[in-house]
Amino acid sequence: MNTSAPPIPFIPSDFAVPEKLETEEFRLRMLTVNDVVKDYDAVMSSFDHCRTIWPGGKWPEGLTLEQNLIDLGWHQREFQTRRSFAYTVVNPSESRVLGCVYIEPTRRRGYDAAVFLWARQSELAGGLELRLHAAVRQWIAGAWPFKSVAFPGRDIAWEPWRAIPAERR
């Protein structure tokens, strides 16, 4: 007999997940397997920068187009099942992937979501990632049901973030 409590859902079952965020410069929409070629180009042309998104991790080391397809399928399924949300960042014509935004549950005490994002390395000098972060921060605050959202590596440094104990659920 299983006596453990059911898991706490990441978002309420009646919450309408935002389909997109649009600015004059970029659009966020669900990352899907259909984005594989453009996404792979964005990741591989931003290899060094992508390594900074999750310090200590290996992604995207060894990433192949096939593995990227698998990863995108995983992200798409997680989005569809409302377990986490990966958005591709594309230019308005959708001819180019400019980056990604990941909205994930966290068990870190005091937070109910963590957001990670990156912009194409070639766009960093022009400030795209800073504008993306500002737009996403405002969007999360206004359109999502979270009480407390962390932006590890941005609003909270990695060492303090990793030191926050996990809550039991």
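Just above, that's the structure.
Residues numbered from 1 in each chain as written. Predicted model: local features only at pLDDT ≥ 70, side-chain atom pairs only at ≥ 80, totals over all residues. Heavy atoms only, no water.

## Some details on unusual backbone geometry
Item 1. For the bond from W59 to P60, the omega torsion is 5°, close enough to zero to count as cis.
Item 2. Note that P60 resides in the loop between α2 (47-50) and α3 (65-80).
Item 3. Positive phi values are uncommon outside glycine, yet R82 reaches one of about 65°.
Item 4. Its location among the elements puts R82 in the loop between α3 and β3 (85-90).
Item 5. R82 gets classed as partly exposed once you look at its relative accessible area, which sits at 26%.
Item 6. Within the chain, E94 stands out as a residue other than glycine whose phi angle is a positive 60°.
Item 7. Summarising the element assignment, E94 is placed in the loop between β3 and β4 (97-104).
Item 8. E94 sits in the partly exposed class, given a relative accessible area of 25%. (Helix = DSSP H or I, 4+ residues; strand = E, 2+ residues; numbered from the N terminus. Buried < 20%, exposed > 50% of the residue type's maximum accessible area, 1.4 Å probe, protein only.)

## Observations regarding the environment of A119
Item 1. Structurally, A119 is set in strand β5 (residues 113-119).
Item 2. Sequence separation between A119 and L130 is 11 residues; the distance between their C-alpha atoms is 8.9 Å.
Item 3. Once residues lying within four places of it in the same chain are set aside, the contact partners of A119 are H49, L98, G99, L124, L128 and E129. (Contact = heavy atoms within 4.5 Å.)

## Topic: the nonpolar core
Item 1. Formed by 27 residues in total, the largest nonpolar core has its most connected members in L28, F85, Y87, V101, I103, V136 and W144.
Item 2. Residue assignment for this core shows that the elements contributing at least two residues are β3, β4, β5 and α4 (128-143).
Item 3. Broken down by element, this core gets its largest block of residues, six residues, from α4.
Item 4. Those residues in contact with V101, other than ones at most four positions away along the chain, are L28, F85, A86, Y87, V89, V115, F116, L117, L132 and V136. (Core = buried A, V, L, I, M, F, W, Y, C linked by side-chain atoms within 4.5 Å.)

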